[in-house]
Amino acid sequence: MYIKEERITRYSFFVQPQINKNNDSIFGYEVLLRREDNGSWHLPDDFTELSIEEQVQLLEKTVKSLEKNTGKDDRMISFNLNCDQANDPTTLSEIISLKKRIAPVSLTIELTEAVSLDKVKELSVLLHQNNISLVIDDVGTGSNTYENIKKSLPYVDRIKFAMQNFRMSGHAELIPRYLSFWVDQAEKYCLDMVIEGVEDYKDQVLAKKYGIDIQQGYLYGKPALV
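Residues numbered from 1 in each chain as written. Predicted model: local features only at pLDDT ≥ 70, side-chain atom pairs only at ≥ 80, totals over all residues. Heavy atoms only, no water.

Asks: Please provide a residue-by-residue account of the layout of surface pockets, values included.
Replies: A water-sized probe rolled over the atoms picks out the places where empty space is left. Taken as a whole, the largest pocket spans an internal volume of roughly 840 Å³. Leu32, Arg34, Leu43, Gln164 and Glu196 are, among the 31 residues lining the largest pocket, the residues nearest its centre. Contributions of two or more residues to the lining of the largest pocket are made by β1 (9–20), β2 (25–37), β4 (76–81) and α6 (163–168). For the lining of the largest pocket, the leading source of residues is β2, giving five residues. By residue class, the composition of the lining of the largest pocket is twelve nonpolar, eleven polar and eight charged. Here the second largest pocket defines a volume of roughly 160 Å³. Every residue lining the second largest pocket is listed: Lys21, Tyr201, Gln204, Val205, Ala207, Lys208, Gly211, Ile212, Asp213 and Gln215. (1 Å grid on protein atoms, 1.4 Å probe; cavity = no way out; pocket = protein on both sides within 12 Å on 5 of 7 lines; lining within 4 Å. Points joined across faces, edges and corners; volume = space filled by probe spheres on them. Helix = DSSP H or I, 4+ residues; strand = E, 2+ residues; numbered from the N terminus. Nonpolar A, V, L, I, M, F, W, Y, C, P; charged D, E, K, R; others polar.)

Given below as structure tokens:
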């Protein structure tokens, strides 16, 4: 008799450290949703396949595990939202409630895709009222082009430049020029800046050239379960 093998799927957040090179300390951690299918972890096909409510519950467990493993309860946690999630009417209440439950851990929201200016303004007001920072991720790539996000820059706290996006698209040679442009925007709008995709000493030198202290990448640690 043929017995159909049951397919087992579960989700977890992997964490990747962000390093403050000014004093070589851990600035915080980005949490990255992954899906496991029969023992193999990978990116979800769609980040909305797990509801915001479920992701927030999973994130709370991840924060507790991180506290237990590091002995620290005052780290910053960065949580990604795409356009659909940012526009979900349940998202804000879930995030604000989470922030209260995980205090004193700091919470940062990273927008991985461009959203409307009205939505950015709404997020900015309500998140800042609850001491939650707002970041635009992947500036200069995907939908987060300058034209799409320039009017949103006054309402966020930080921008994040992902070098790996240029490398994966075969345009690594453009990194210095684009990075210089976004450093100028950060200075213009008084924004903090994070550089992501730091893989070797040359990347560190590039970040230092532009005065970017907050760095993230495989050089400091790959995303891992906690």
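Asks: Report on the pattern of salt bridges, specifying residues and quantitative values.
Replies: Per the counting criterion, the structure on display carries 14 salt bridges. Note that Glu49 is salt-bridged to Arg35, the shortest N-O span being 2.9 Å. Highlighted residues: Glu49 in the loop between β3 (40–42) and α1 (52–70) and Arg35 in strand β2, separated in sequence by 14 residues. By relative accessible area, which is 29% here, Glu49 ends up partly exposed. For Arg35, a relative accessible area of 13% gives the class buried. Here Lys160 and Glu110 are joined by a salt bridge, their closest N and O atoms 3.2 Å apart. Here Lys160 is found in strand β7 (residues 158–162), whereas its partner Glu110 is found in strand β5 (residues 106–111), with 50 residues between them in sequence. In this structure, Lys160 and Glu110 share a single accessibility class: buried. The network of salt bridges with shared partners includes Glu30, Glu110, Lys160 and Glu196. (Salt bridge = Lys/Arg side-chain N within 4 Å of Asp/Glu carboxyl O. Buried < 20%, exposed > 50% of the residue type's maximum accessible area, 1.4 Å probe, protein only.)

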